[in-house]
Amino acid sequence: MIYSVPADRGAMRSKDSQFTETLDAMKNVKLQHWLIMLLAVVIGLVMFFCLAPVPNSNDVDEAPPPPPPVVPAEPAATSDQTRAPPPTAPVLPEIPFTDITEEAGIDFVHQNGAAGEMLLPETMGSGAAFFDYDNDGDQDLLLVNATAWPHAPSQSSTATSVLYQNDGHGHFEDVSAAVGLNLNCYGTGVAVGDFDNDGWRDLFIAAVGRDHLFRNNGGEFEEVTTKAGVAGEETAYSSSCGWWDYDNDGDLDLFVCHYIDWSRASDLAQNFSRTGGMRDYGPPLDFGGTFSKLFRNDGAGQFSDVTAAAGIEVRSSTGRPLGKSLGLIPVDVDSDGWLDLIVANDTVRNFLFHNQQDGTFLEIGVRAGIAFDNSGNARGGMGIDAGFLRNDTSLAVTIGDFANEASALFVARRPLLFADEATISGLGAATLLDLTFGTFYFDADLDGRLDILAANGHISSQIERVQTSQTHAQAPQLFWNAGPGAPLEFVPLTAKQCSENFVKPIVGRGAAYADIDGDGDQDVLMTATGARPRLLRNDQQTGHHWLRLKLVGTRTNRDAIGARVDVHVGDTTFTKQVMPTRSYLSQMELPVTFGLGARATIDKVNVHWPGGVEQVVDDPQVDALNVVTQPR
């Protein structure tokens, strides 16, 4: 408060008594004003502390992860009366899996050629494919094999890949030699697709060295690699691969991931060891990167290498090949009717190739937020999948990563912009220790929400000696999708829910699913390096309904790879893409399965064929396989 003093002092009383009275009066006024101000401040503080809500742990938002990008916090409650009750823990389902590997007739043993030199391909494993090679309506099984190294003459080199024919009930017979698929090579990945649109699914097998293409001639296979022009270089290290129609011309093109610039000499020169001077398998950090390959289907069984022209060659800041690619998922990221491609890389950033609709791609992984983790670091990416986990328009991409790195869960906030939500979804902490190779989405209990499977296993058989938290063989994981409103979106199930058979440790690598016995739920196979695979029958008894659709293209590629299916039930829309290429080195069955939960009827099914044509499916049958043929 400001007090002004009169400028004309002559106007003041001249007598001392009058001056003294005036001065005392001014002092009293000033004191009264200060007392009033102090009292107002005290009253204000008392009212603030008495009336303001007392904060507790529910009012404090978890600190957002460091950029990029920040997850929006929930608004704080204003009082105990308006604060929402905490979410309740969901009741976990029982989804028992039974190991039927031996019972089903699967006697395959993976040969990795290990002879003491600890060469990196030996620990990376091989994949598998579920597909109907003989058009009898059930899912057969191909297991890719490696072999002995040519420099190790003491080893047997007779190991071959094996094709098992399904009898329709989940029992298998080895028909490899009879159909011409007893291939001996250092095989890694596999791709299934009808590249000549004759109605019979063909096979591409990736390898360390020369790759192989087999045409399916009515149930028997003929190698056409040289004629097709897709063998690749003799020195290449191919990994995952997949068929897709990137140019929407109605035939399937081929993408082949290349891992690292590898040779036996360069591997031995690194002399990697973990403890005590003993040589061990090492990470790919000191190997050079490579360019993956894109082969365009020119028709008549001929392909052209368009890698460079299409913009697939990604270089480092020094101009060298950057990619160390192990997994891929073709998916229409921005719903423009053209397939894009996401590639998981090991120890370098992931790629997102955005389709420019003119035969070329723009690599936008960094811009889209899918290249690095939330701290800006590259991870050891292995297997990959993409889908609509929340039954909305938000595409979610999961990538299995190295030990002590959480798996990624990139969720689209808007087209071409992702945020890693692994931590807040519950997936991050649960996957931190394990080394995940194969991973995919599937609805294990048919409740209408996609769950996540992870096939785990370390690369080093000596890892326990240096990291007590790690083991060579590791338990697979099944993450149940608890849905919105649950404390955690993804809950890791234990042996109590999914059986001891499922969680038994394995040196897991490839992973694939198919309904091998026709009961509507999807069964699982996991491969292991240098060991037997594990075939797990899904024995869930939830009583949930389901819908299976097999699409047949007439104006698009025959297998309808890349088609999108929307199933409408009430206010919910379930969306899936026909895409066998998922996971790590492996292929899933072509039919798509929709879990419906307790819903016994469907309102509408829409098929969006590659190229943009839409078809409404009339009267789809629930709890059955429906074959949908594209109108001519």
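Residues numbered from 1 in each chain as written. Predicted model: local features only at pLDDT ≥ 70, side-chain atom pairs only at ≥ 80, totals over all residues. Heavy atoms only, no water.

Participant: Mind showing me how you'd approach the environment of Asn 166 here?
Facilitator: For Asn 166, the position within the fold is in strand E4 (residues 162-166). As a C-alpha pair, Asn 166 and Asp 517 span 351 residues in sequence and 8.9 Å in three-dimensional space. Not counting residues within four places of it along the chain, the set of residues in contact with Asn 166 comprises Asp 136, Asp 138, Gln 139, Asp 140, His 171, Phe 172 and Ile 516. Within the structure, the side chain of Asn 166 is placed 2.9 Å from the backbone oxygen of Gln 139, a separation counted as a polar contact. Of note is the side chain of Asn 166, whose polar atom sits 3.2 Å from the backbone nitrogen of Gly 170. (Helix = DSSP H or I, 4+ residues; strand = E, 2+ residues; numbered from the N terminus. Contact = heavy atoms within 4.5 Å. Polar contact = N/O pair within 3.5 Å; in protein donor to acceptor, adjacent residues only side chain to side chain.)

Participant: Got a minute to help me understand the side chain of Gln 139 in this structure?
Facilitator: Mapped onto the secondary structure, Gln 139 falls in the loop between strand E2 (128-131) and strand E3 (140-143). Ignoring anything within four residues of it in the chain, the contact list for Gln 139 reads Phe 130, Phe 131, Asp 132, Asn 166, Phe 172, Ala 514, Asp 515, Glu 589 and Pro 591.

Participant: I tried to follow the side chain of Thr 123 on my own but got confused; where do I start?
Facilitator: Position of Thr 123 relative to the elements: it lies in helix H2 (residues 121-124). Beyond its immediate sequence surroundings of up to four residues, Thr 123 is in contact with Tyr 281, His 458, Ile 459, Arg 509 and Thr 529.

Participant: What am I meant to see in unusual backbone geometry here?
Facilitator: Leave glycine aside and you will find that most residues have negative phi; peptide bonds, for their part, are mostly trans. You will see that Ser 335, though not glycine, has its phi angle at about 55 degrees, which is positive. Inspection of the secondary structure assignment puts Ser 335 in the loop between strand E14 (325-331) and strand E15 (340-345). Judged by its relative accessible area of 56%, Ser 335 falls in the exposed class. (Buried < 20%, exposed > 50% of the residue type's maximum accessible area, 1.4 Å probe, protein only.)

Participant: What should I look at first to understand the nonpolar core in this one?
Facilitator: If you look at soluble globular proteins, the nonpolar side chains tend to sit buried side by side. By size, the foremost hydrophobic cluster in this structure holds 74 residues, and its most contacted members are Phe 204, Trp 243, Phe 418 and Leu 551. Both domains that meet at this core, namely domain 1 (97-548) and domain 2 (554-580 + 591-629), each give it at least three residues. Judged by nonpolar contacts, the second largest core, of 38 residues, contains Leu 453, Leu 493, Phe 502 and Tyr 513. (Core = buried A, V, L, I, M, F, W, Y, C linked by side-chain atoms within 4.5 Å. Domains from an automatic or database assignment.)

Participant: Mind showing me how you'd approach the packing of aromatic side chains here?
Facilitator: For any pair of aromatic rings, geometry is given as the distance between the ring centres together with the angle between the planes. On inspection of all chains with the given rule, the structure shows 18 aromatic pairs. For the pair Trp 243 and Phe 303, a centre-to-centre distance of 5.9 Å together with 50 degrees between the ring planes defines the contact as tilted. One end of the pair, Trp 243, is in strand E10 (residues 238-244); the other, Phe 303, is in strand E13 (residues 302-305), and 60 residues separate them in sequence. A residue is classified by how much of its surface remains accessible, and Phe 303, at 8% relative accessible area, is buried. What links up through ring pairs into an aromatic cluster is the set Trp 149, Tyr 186, Tyr 237, Tyr 259 and Trp 262. (Phe/Tyr/Trp six-rings, centres within 6.5 Å; stacked < 30°, edge-to-face > 60°.)

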